[in-house]
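The primary structure of each chain is shown beneath.
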Amino acid sequence: MHKQIAAANWKMNLTLQQGLALVDNLVNQPHILADNQQVVFGVPFPFLQAVKRNINGKQNYFISAQNCHFQKSGAYTGEVSAEMLKSIGVDYVIIGHSERREYFNENHQMLSEKINLCLQNDLKPIFCCGEPLSVREAQTQNEHVETQLRESLFHLSEEQITDIVIAYEPIWAIGTGKTASSAQAQEMHLHIRNIMAHKFSNGVADSLSILYGGSVKAANAKEIFGQKDVDGGLVGGSSLNADEFTIIIKALK
Ligand code: PGA
């Protein structure tokens, strides 16, 4: 059974003190995660080690970086490599978020190199895909997402692909308060699972966690996560509020 994951994406928000207070509040909730459930904190680079310390010993809580560089090492001032993230005990790395594709010009090729470096370093990529509004309006979102998967993931082996988590995030729903309907989310998640079954195997497709992202909040998490092929969420704004995110965690299947 694929894992159900509530992944927080803090983006460029909070100070270290605010972040640690939020994490402490969340991990000290009486709610215990089931074996198939995980909570992942996608936090800014400078907070990773401190957050890791604060989740130490808490079953099924993990940390994630929000990015890594596509080169192994070298003269890339200001950048962070997959190997560095591994060396401080990072578990997951968000790869190909639409904000990085848009503002930092990340293309399919770079993303496939980042995926390779994550896997070489035993880091689990959370690979983001999803269409802009213009593509949704032209009703070509299925082809758009299929291209993103093909160009950055299809070179992997069946064994490697099982270490990937996919996050479907329609760009028109990110930070806009406008969520995809649960039917739209289910339709795309099933499409993604079918693509992976066709390219890899039914076993791979069945084991894959496919998260939904885009204005997930306490009020809609249960409905969205309740869809058959939605295995949790990648949550931005609502992950910055302990009460909101607690309800989102509790909405996991
Ligand atoms: P949002 O962001 O929940 O604020 O829409 C989601 C994301 O970008 O991962």
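Attention in this report is confined to the structure presented alongside it. (Residues numbered from 1 in each chain as written. Predicted model: local features only at pLDDT ≥ 70, side-chain atom pairs only at ≥ 80, totals over all residues. Heavy atoms only, no water.)

The topology assignment puts L26 in helix 1 (residues 16-27). Overall, the relative accessible area of 1% leaves L26 in the buried class. Sequence-wise, L26 and A75 are 49 residues apart; in three dimensions their C-alpha atoms are separated by 38 Å. Dropping the residues within four chain positions of it, L26 is found in contact with F41, Y61, A242, F245, T246 and I249. (Helix = DSSP H or I, 4+ residues; strand = E, 2+ residues; numbered from the N terminus. Buried < 20%, exposed > 50% of the residue type's maximum accessible area, 1.4 Å probe, protein only. Contact = heavy atoms within 4.5 Å.)

What follows is about the site of the ligand. Around the ligand sit 13 residues, and of these K11, H97, E169, G175 and S215 come closest. With respect to the ligand, the side chain of N9 contributes an N or O atom lying 3.4 Å from an oxygen atom. Residue G237 places a main-chain N or O atom 2.9 Å away from an oxygen atom belonging to the ligand. In isolation the ligand exposes 290 Å². Once the protein is present, 95% of that is buried. (Near = heavy atom within 4 Å. Polar contact = N/O pair within 3.5 Å; in protein donor to acceptor, adjacent residues only side chain to side chain. Areas by Shrake-Rupley, 256 points an atom, 1.4 Å probe, with all protein chains shown as cover.)

Counted at 1.5 Å a residue, the expected span for helix 9 (residues 182-199) with its 18 residues is 26 Å, and the 26 Å between its end C-alpha atoms agrees. Among all positions in helix 9, only S182, A185, Q186, M188, H189, H191, I192, R193, I195, M196 and A197 are buried. (Expected span 1.5 Å × (residues − 1).)

So, about the nonpolar core. Among the nonpolar cores identified, the biggest contains 71 residues, and F41, L149, L153, I166, I192, M196 and F245 are the most heavily contacted of them. Residues in contact with F41, not counting those within four places in the same chain, are A8, W10, V23, L26, V27, V51, I55, Y61, F62, I63, S64 and F245. (Core = buried A, V, L, I, M, F, W, Y, C linked by side-chain atoms within 4.5 Å.)

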